[in-house]
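Commentary on secondary and tertiary structure
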Amino acid sequence: MQDSRIDFEPQRHPQESQFSRWSGITLMVAILCVAGILSALTAMRFAIRGREVAVPPVIGKTQDEAAKILESSGLVLKVSSKRFSSGVPEGLVLDQIPPVGTRLKTNRTVKVLLSLGERRFAVPNLLGTSLRAAQLTLSQRRLTLGNTLYAHTTAGDPSTVAYQSPMPGTEEGSDPSVNILISLGPASEFFIMPDLIGKPADLVASRA
């Protein structure tokens, strides 16, 4: 008896088989590309991080010392500005930007603020001026009037400055005082007339 079973297994079309093969290859290539990109990004991140350094402390150093310290870390010094400071000697670093510990790429710039030391003012010449004029002059120079004394002097006009301390031309700190002496003019020359009434003429002549 003849076998009447019919084989229902579908027959794959050649084009369908070829499409599946190319789909698999494309998917594999995409996976490899993504993996390559991720690997490259990871390597780049590590490479960038490897060129970073921590900013060292340079506050309190001279400009040359700070430059050498930064250079040893692969960084560059730049003086941004200078400022007077009563607590930090002239030529030393007052502040730095960015602060200590900040991570920077090599060859980047670290800005520093240098000290000009204590602000100093030249003491003006007050000799021969009036008290009011001396006060105005000191105020304009950001100086203060210290002790004011009055005395008879042989030099100088009355009511004018005959002496000052510190002397003209010297330099003082940020808030100095200038002491002055106001002349009252020369001392008067006088004597007490003795009582001569009833005295002998010879005695009076001997005292003349």
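Below: a short report on this structure. (Residues numbered from 1 in each chain as written. Predicted model: local features only at pLDDT ≥ 70, side-chain atom pairs only at ≥ 80, totals over all residues. Heavy atoms only, no water.)

1. Side note on the nonpolar core
Rules: Among buried residues, the Ala, Val, Leu, Ile, Met, Phe, Trp, Tyr and Cys ones that are joined through side-chain atoms within 4.5 Å form a nonpolar core. Relative accessibility under 20% of the residue-type maximum defines a buried residue, over 50% an exposed one, and the middle range a partly exposed one, all with a 1.4 Å probe and only protein chains included. Per the convention used, a helix needs a DSSP run of H or I reaching at least four residues, while a strand needs a run of E reaching at least two, with both numbered from the N terminus.
With 12 residues, the main nonpolar core is built from Val 53, Val 55, Val 58, Ala 66, Leu 70, Leu 75, Leu 77, Val 93, Leu 104, Val 110, Val 112 and Leu 114. Here the element with the most residues in this core is strand S5 (residues 109–115); it accounts for 3 residues. Ranked by size, the runner-up nonpolar core spans 10 residues in total, among them Val 123, Leu 126, Val 178 and Ile 182.

2. A short note on unusual backbone geometry
Here the amide bond leading from Ile 97 into Pro 98 is cis, since omega sits at 0°, within 30 degrees of zero. Mapping Pro 98 onto the fold places it in the loop between strand S3 (93–97) and strand S4 (103–105). Despite not being glycine, Ser 159 has its phi angle at roughly 65°, a positive value. If you trace the backbone, Ser 159 turns up in the loop between strand S7 (144–151) and strand S8 (161–165).

3. Re the pattern of salt bridges
Applicable threshold: Within this document, salt bridges are pairs made up of a side-chain nitrogen of Lys or Arg and a carboxyl oxygen of Asp or Glu, the two lying within 4 Å of each other.
Inspection of the entire model under this criterion finds 2 salt bridges. For Glu 118, the salt bridge identified is with Arg 120, shortest N-O distance 3.9 Å. Residue Glu 118 is classed as partly exposed on the basis of its relative accessible area of 35%. Arg 120 gets classed as partly exposed once you look at its relative accessible area, which sits at 44%.

4. Regarding the sheet that holds S5
What counts here: Strands were regarded as paired on the criterion that DSSP finds at least two bridges between them. The convention used is that axes are lines fitted to C-alpha atoms, helices contributing only their stretch in contact, and that angles between N-to-C directions extend from 0 to 180 degrees. Contact criterion: two residues are considered in contact whenever any of their non-hydrogen atoms come within 4.5 Å of each other.
Read across the sheet, 3 strands follow the order S2-S5-S3 without closing on themselves; strand pairing throughout is mixed. The open sheet has two edge strands with one neighbour each: strand S2 (76–83) and S3. Adjacent strand axes in the sheet meet at a mean angle of 25° when their direction is disregarded. Packed onto the sheet, helix H2 (residues 63–72) meets S2, S3 and S5 and runs at close to 150° relative to S2.

5. Thoughts on the environment of Pro 166
Its location among the elements puts Pro 166 in the loop between S8 and strand S9 (171–172). Taking C-alpha positions, Pro 166 is 7.2 Å from Val 123, a pair spaced 43 residues apart along the chain.

6. What about a nonpolar patch on the surface?
What counts is decided by this rule: The patch calculation keeps residues exceeding 30% relative accessible area without a salt bridge and links them within 9 Å when they carry like charges or within 5 Å when they are nonpolar (Val, Leu, Ile, Met, Phe, Trp, Tyr). Accessible surface area values rest on a Shrake-Rupley calculation with a 1.4 Å probe, where residue burial reflects the displayed protein chains alone.
A contiguous nonpolar surface patch, about 390 Å² in accessible area, is contributed by Val 34, Ile 37, Leu 38 and Leu 41. Considering the arrangement of structural elements, one finds Ile 37 in helix H1 (residues 14–50).

7. As for the sheet that holds S7
Strand pairing in a sheet is mediated by backbone hydrogen bonds. Such pairs are either parallel or antiparallel. Strand order in the open sheet formed by 3 strands is S7-S10-S8, and the pairing between neighbours is mixed. Each having just a single partner strand, S7 and S8 make up the two edges of the open sheet. With direction set aside, neighbouring strand axes in the sheet form an average angle of 20°.

8. Focus on the pairing of strand S10 (residues 177–183)
Counting buried positions along S10 gives 5 out of 7 residues, so the element sits mostly inside the fold. As paired strands, S7 and S10 are joined by 6 bridges and run parallel to one another. Residue Thr 144 lies in a different strand from S10, and its bridge partner there is Ser 177. With 4 bridges connecting them, S8 and S10 associate as antiparallel partners. Each residue of the ladder has a partner; that of Tyr 163, found in S10, is Leu 181.

9. Description of the environment of Leu 104
Mapping Leu 104 onto the fold places it in strand S4. In this structure, the C-alpha to C-alpha distance between Leu 104 and Leu 75, residues 29 residues apart in sequence, is 8.3 Å. In this structure Leu 104 touches Arg 51, Glu 52, Val 53, Val 55, Leu 75, Pro 98, Thr 109 and Val 110, once residues within four positions along its chain are discounted.

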